Structure formats: C-alpha cells, structure tokens
Amino acid sequence: MNLPPLSLYVHVPWCVQKCPYCDFNSHGQKGDIPEKEYVQHLIDDLKTDLHLVQGRKIHSIFIGGGTPSLLTGDAYVTLLSAVEQLIGLSEHCEITLEANPGTVETGRFKEYVAAGINRISIGVQSMQNDKLKALGRIHGADEATYAAQQAHDAGLTSFNLDLMHGLPGQSLDDALSDLKKVIALNPPHISWYQLTIEANTQFASKPPTLPADDILWDIQEQGQALLAAAGYQQYEISGYAKPGYQCQHNLNYWRFGDYLGIGCGAHAKVTDAKTGIITRTEKVKHPRGYMDLAKPYLFKQWRVEQQDLPFEFFMNRLRLFEPCPINDFTALTQLPLQSQAKALQQAVVKGLLIQTDNHWQVSQKGHRFLNDLLELFV
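Residue positions are counted from 1 within each chain, in the order its sequence is given. Owing to the predicted nature of the model, reporting of local features is limited to residues with pLDDT of at least 70; listing and counting of side-chain atom pairs is limited to 80 or more, with chain, interface and lining totals taken over all residues. To get the side-chain values, all heavy atoms of the structure are used, and hydrogens and water are removed first.

It is worth spelling out the sheet that holds strand E15 (residues 324-325) at this point. Read from one edge of the open sheet, 3 strands run E15-E17-E16, paired in antiparallel fashion. A strand with exactly one partner marks an edge of an open sheet, and here the two such strands are E15 and strand E16 (353-355). Where E15 and strand E17 (residues 359-362) come together, 2 bridges link them in antiparallel fashion. The residue bridging Cys324 from the neighbouring strand is Trp360, located in E17. Two residues qualify as a contact provided that any one of their heavy atoms is within 4.5 Å of a heavy atom in the partner residue. An axis is simply a line fitted to the C-alpha atoms; with a helix, the fit covers only the stretch in contact. Between two such axes, the angle follows the N-to-C directions and lies from 0 to 180 degrees. Secondary structure follows DSSP: runs of H or I at least 4 residues long count as helices, runs of E at least 2 residues long count as strands, and numbering of each begins at the N terminus. The strands touched by helix H14 (residues 341-349) are E16 and E17; relative to E16, the strand with the most contacts, the crossing angle is about 110°. A pair of strands is considered paired only if DSSP assigns at least 2 bridges between the two.

In structure tokens, the structure reads:
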C-alpha cells in the first residue's frame, strides 16, 4: 500500500511552572534542565523507532511541551542533525517549536532559526495582564507583543500566535480586544480556541467562573468575522491562517497521516506497509523514568482495531474545512466504504455532511454540531 506522509513529534516536558488549566505532560522546572542528557535520550529513542519509518523522510517536525524554548539553540542543532542523519528530511520540511513570550526564550529565536527551525508557535493566550494572571501565565502583554516582533525579525518562514477565549471573567469586549491586538501583530497563523476545563488540572479542582454560553457564542461568531476580514482563512476548528501558511504538521494529523513520537509521554501512529495495520504507541511519561537507562522508552503499544478505525478517521478528518476525498477512507483504513454507508447517509440527511461523487464536505451545521456528526461513526 502507499503509506501516508510521516511526521515527527518531539516532547520537552519542562516548564517554569505548571499552568492551572494545563493537562499536558509538563513538569515545573526544579533546578537546571538536563539538556544534553535529554537530547541524547531523544536521539536514542528515535533510533528504537527507525523500523517504523519504512523508507519515508520526515514531512514535518513539531517540538512541543512543556516549554521547548527553555532549551538552547545548540540542543536543537544536535537533535535536528541526528534526525537528518538517521531518517532524512523532506525538501520543504516544516519544523515548529513551541515557545513562551518570556524574554529569555524570545532572545533565542535567531538561534533556533540557525538550528533549522523555520516556524515558532508562541503561547500568548491573552493580551490582558489580569487574564494572564488568572491563567497562571508568567509573562505580560508587553512581552507577547515583543515576542511577535522578534518572530518577524528572526527570519522565520512562518510563526503562530496561540490565543484563548472564554477565559475566567472575560466579556465579549475583552475577547474581541484580545483578538484585535493579536491580528494587529500580523502573524501568518493564529490558533484561536476556547478554554475548556480538563480533568486532573487545578481548574478542575477549583473551577473558575467562565462566560455564559450566549457570550461564548457571540465571541465565536464575531471573532470569526474579525479573522476573516483580516485575511485569515479558517482551515480547521481552531486554526486560522493567511493563504499558504497552514500548519503542515497539524494538517498531517487531521488527514490521518503517520507520525513518530519521541520524548516523555509522546504518542505515535504508524501504518504497516505490508498489512495496513495501524499501531499507536506511547512513551514513558515521567522524565526520571524516561531517562532511566534500565527501562525501555516505550510505555505501551496497541493496534487500532477495525471497529475503531472509522471513528478515528472521521474524528481527525472532519475537523478540517477542506473537502475530504472519498477515496482517502479506504486508502488510509483499508476498510470498504460500504461499511460506513448507513452513517454517511444519516449525516447527509441530517444536513451535517455534503457528499459529491468524489468528496465529503462538512456543512456549516456540521461544524456547529461536530460531536453529533462524529457520534454517527462510533
């Protein structure tokens, strides 16, 4: 079978302090980060996964966290050189690094570009200091503005500003003011999404007061209009980009592509070229366990069963606003299209999905009621 593109996710688990809304695998920094040791473990971890590459080059790399910008440019020179030597990078490989707007991290942007990173995603979250404080962020609005300026000056191919709405105590005017300020910074890409309370977070144990549903709807509707008027095209649920600046790494996720995952708690999805079987893996989560030489990096591995494949495919693919080629379903799952005929018919009848001879397209109603659409494929 023809394998999908292969991406690489790299997880850096440390941050200065844990934010109360964060459910990612992140650990507050205590003392110096073991940078050289961790990078070597990342490389060794990658070596254990080389059998999953199956002749492909890396299509995109995303370095997430935690706060990957706590590591130096030299660390990424070493890591990316190893990826190039062990696997190889495609000609236009997108390499993204997540960063916070703190002055230490933004001072390294040019180092990161020199290391081969060509896209940075900056966690702005809000442009109002009281909201940033409520979110447990350690930067201020001025630092966010400075970070965007540094990104423009660093010679990056692209950069993203990450912004949340539906924050504790946030009004419609607050949310739209945040968005206008971020748009004025002219990033090629904006990730704009609603704060949700996740289990096992500080906010879950002590929930803040969030805006009422009617305010959230007004924020969403008026915010999308602001973004469209500024030239940002919505290409997935929370992704808005100027033409040509969509995040290629995220597109590979949503198009049901393959990806390797290295680092603490990193996940992977890989298709076997001979059998078409899709396997998912998860690495050891805690830094101490991950860097314990007596233990393997792999924590668990499981096959995606046939009955789960339709939901997994559509859960990813229907996030996107682009049409989905009908042939992709069978090509990427190895299942007959007829197996989903009833669910697809219901989706069309309910006005959630538009079907042509060659494509599916989520309708405006389908995007609004996406959970209802996805439940049809469970």
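Salt-bridge detection follows one rule: a side-chain nitrogen of Lys or Arg within 4 Å of a carboxyl oxygen of Asp or Glu. Within the structure shown, the criterion is met by 11 salt bridges. Residue Arg255 is joined to Glu322 by a salt bridge in which the shortest nitrogen-to-oxygen separation is 2.9 Å. Residue Arg255 is located in the loop between helix H10 (248-254) and strand E11 (258-263), and its partner Glu322 is located in the loop between helix H12 (309-317) and E15; the two are separated by 67 residues in the primary sequence. For every residue, the accessible area obtained with a 1.4 Å probe (protein chains only) is divided by the maximum for its type, and the residue is called buried under 20%, exposed over 50%, and partly exposed between those limits. By relative accessible area, Arg255 is classed as partly exposed at 34%. Between Glu312 and Arg280 there is a salt bridge, and its shortest N-O distance comes to 2.6 Å. Linking Glu312 in helix H12 with Arg280 in strand E13 (residues 278-283), this pair joins segments that are 32 residues apart in sequence. In this structure, Glu312 and Arg280 share a single accessibility class: buried. What you see here is one network of salt bridges that share partners, running through Asp45, Asp49 and Lys283.

Following both chains from N to C, one finds helix H1 (residues 35-48) and helix H2 (residues 73-86) inclined at 15°, their axes separated by 10 Å at the closest point. If you check the angle between H1 and H2, you find them roughly parallel. Seen along the crossing, H1 lies across H2 with a hand that is right-handed. Contacts from Glu35, Val39, Leu42, Ile43, Leu46 and Lys47 in H1 reach Ala75, Thr78, Leu79, Ala82, Val83 and Leu86 in H2. Under the grouping applied here, Gly and all other residues not named as nonpolar or charged are polar, the nonpolar ones being Ala, Val, Leu, Ile, Met, Phe, Trp, Tyr, Cys and Pro and the charged ones Asp, Glu, Lys and Arg. Taken together, the residues that form the contact of H1 with H2 break down as 9 nonpolar, 1 polar and 2 charged. Here is the rule for angles: anything less than 35 degrees is roughly parallel, anything more than 145 is roughly antiparallel, 65 through 115 is roughly perpendicular, and the remaining ranges are oblique. Each crossing gets its handedness from the near helix: less than a right angle anticlockwise from the far helix is left-handed, clockwise is right-handed.

For the rest of this paragraph, the subject is the packing of helix H7 (residues 172-184) against helix H9 (residues 213-229). The interhelical angle for the contact between H7 and H9, taken along N-to-C directions, is 25°, at an axis separation of 9 Å. It follows from the interaxial angle that H7 and H9 lie roughly parallel. The two elements H7 and H9 meet at a crossing, and its hand is right-handed. Contacts between H7 and H9 involve Leu172, Ala175, Leu176, Leu179, Lys180 and Ile183 from the first element and Ile215, Asp218, Ile219, Gln222, Gly223, Leu226 and Leu227 from the second. The residue makeup of the contact of H7 with H9, split by class, is 9 nonpolar, 2 polar and 2 charged.

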